[in-house]
Each structure stands twice: as structure tokens, then as C-alpha cells.
Amino acid sequence: KQIIVCYIDKNKALFYQNVGGSILQMDFPPDIISDQELTGREKLEHLIESFLETNKLGKGNVIFIYAPDITIEKDFPDELSGNKNEEIQKFIDMIPFEEVLSKVYKLNKKTKVVAINQAIYESIKNIFEKKNFLVLGIIPSTVLAETFAELSMNIDLAFIANKIYSLRQYSMVNDGELRNQNTKEKTGLKKQNIRIYALVIVFTILLFILIILKMG
């Protein structure tokens, strides 16, 4: 399977393909994402879907790397006085997104808290899954820069592609959560189909009764 590293910042997304080592760029129009808020969900999903189809990107494994300009982060030193967990929760509660995806990282002698707008991530992830990609996770680039010397000066997408499976441990969403999300989506579709079948049956019965009454 091909591996794609998708590097996302506020204005664009870069797609690195391990097959051939090419990098493709997709720009985000200003009416789709503004100040880290998703202002055009349907437009974003259509943009990504069209981009994947145009560039014949289908199936494979993908990992998302988030640039610093679309994450909200704060470092808490280990020697912080008071209750660090309370301070971390206060920080997360202050984040202005309706849906927040956050992760607490233990790095060196500090705790790094990273948060993103979950709505943007979900929209991008859903389109890739619709195109039969396996989403391996989402990693803040700052975490990689502080963890790997090779990435401290610049984010090397080829390096990330080569280390993709070992880097999954730094994902903001773990394997179990990704599987649960997929299960919830499938369960939701199943429930929706059951409701539709029930409505069709009820409509058919009512129509049958109406025909009988008219004949009578």
C-alpha cells in the first residue's frame, strides 16, 4: 500500500507520497477555514475529494501532521506549583472551538498540551476513509520537532513516511479510538437505514389502508 503524509497548515495541505517521493499541494480558499474555524464543511470535503480524484490518490495509509499555526499549545513545567491537572483542564476549557481534540504529551522535563479543532480533523479524515484510506493518526509537528533531531529544524515528510509506523505512538488519536470512530460511523449508518425501512413500511401500510377505504 502507498503511504501518504498529509501536512496541514492554515492555508494549504501538502501530500507526500512514498511511491515516487512526489509532493502535491492543495490550497484552502479563505471561505473554507478561517482563524482555525471550519466555515465551509461541505466545500472542504468536496475540495479534498476532488483533489484525491484528480491526482488519482486512492487507497493506502495516511497520517496527518499538523503545523503550529493550526494547533493551540501550552507547555507546563514539571516543577509547576499547584495542581497541574487542574491547570491543564483550565487551558483546554478556554479553547474556543465547539469540538476540541486534545492530547497531553510528556516531553523531556515538561508536559505539552496540544489541542486542535476536531471538526476540521473529522471532515478531512472522513473523506480519506471514504476513499478507502486507512488513517494512522494525527501528530502535531511541534511534538516531532522536539522528539527527533532530524525534524528539529524542518519537517521532513520523507523521513516521516519512512518512520510512519513507529511515529504512530505520538498520535493525538490512538488506534482504539480510530477503530471506535469507524464503528460508530458504521453503526450510525445502520440505524439510519433501519429508520428508513421502518418509514417505508409504515407508508406502504397507510397507502394500502387508504386504497381500501376509497374502494369501500
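Scroll up a little and you will see the structure.
For strand β9 (residues 110-117), a buried count of eight out of eight residues is recorded, marking the element as mostly surrounded by other parts of the structure. Side chains Lys-110, Lys-112, Val-114 and Ile-116 project from β9 onto one buried face, and the interleaved Thr-111, Val-113, Ala-115 and Asn-117 project onto a second face that is buried too. Pairing of strand β7 (residues 72-77) with β9 involves six bridges; the strand directions are antiparallel. Directly across from Phe-76, in β9, lies its bridge partner Thr-111. Pairing of strand β8 (residues 100-107) with β9, which is carried by eight bridges, proceeds in the antiparallel orientation. Paired with Val-100 across the bridge in β9 is Asn-117.

Pairing is antiparallel across the open sheet formed by three strands, whose spatial order is β7-β9-β8. Each edge of the open sheet carries a strand with a single partner, namely β7 and β8. Strand-to-strand, the axes of this sheet are offset by a mean angle of 15°, without reference to chain direction. Each of β7, β8 and β9 touches helix α2 (residues 84-93); the most contacted strand, β7, lies at about 165° to it. Sheet strands touched by helix α3 (residues 118-130): β8 and β9. Its angle to β9, the strand with the most contacts, is close to 65°.

Cut-off values and rules
- Every chain is numbered independently, its residues counted from 1 as its sequence is written.
- At least 70 in pLDDT is required for a residue's local features to be given in this predicted model, at least 80 for side-chain atom pairs to be given and counted, and no such filter applies to totals for whole chains, interfaces and linings, which use all residues.
- Excluding hydrogens and water, the side-chain values take into account all heavy atoms of the structure.
- To sort residues, take the accessible area from a 1.4 Å probe on protein chains only and compare it with the maximum for the residue type: under 20% means buried, over 50% means exposed, and anything in between is partly exposed.
- Runs of H or I in DSSP of at least four residues are treated as helices and runs of E of at least two as strands, each being numbered from the N terminus.
- In this description, strands pair whenever DSSP reports at least two bridges between them.
- Where helices are involved, their axes are fitted lines through C-alpha atoms of the stretch in contact, as for all axes, and angles between N-to-C directions lie from 0 to 180°.
- Residues count as neighbours in contact if any of their non-hydrogen atoms are within 4.5 Å of one another.

That is the geometry; function is a separate question.
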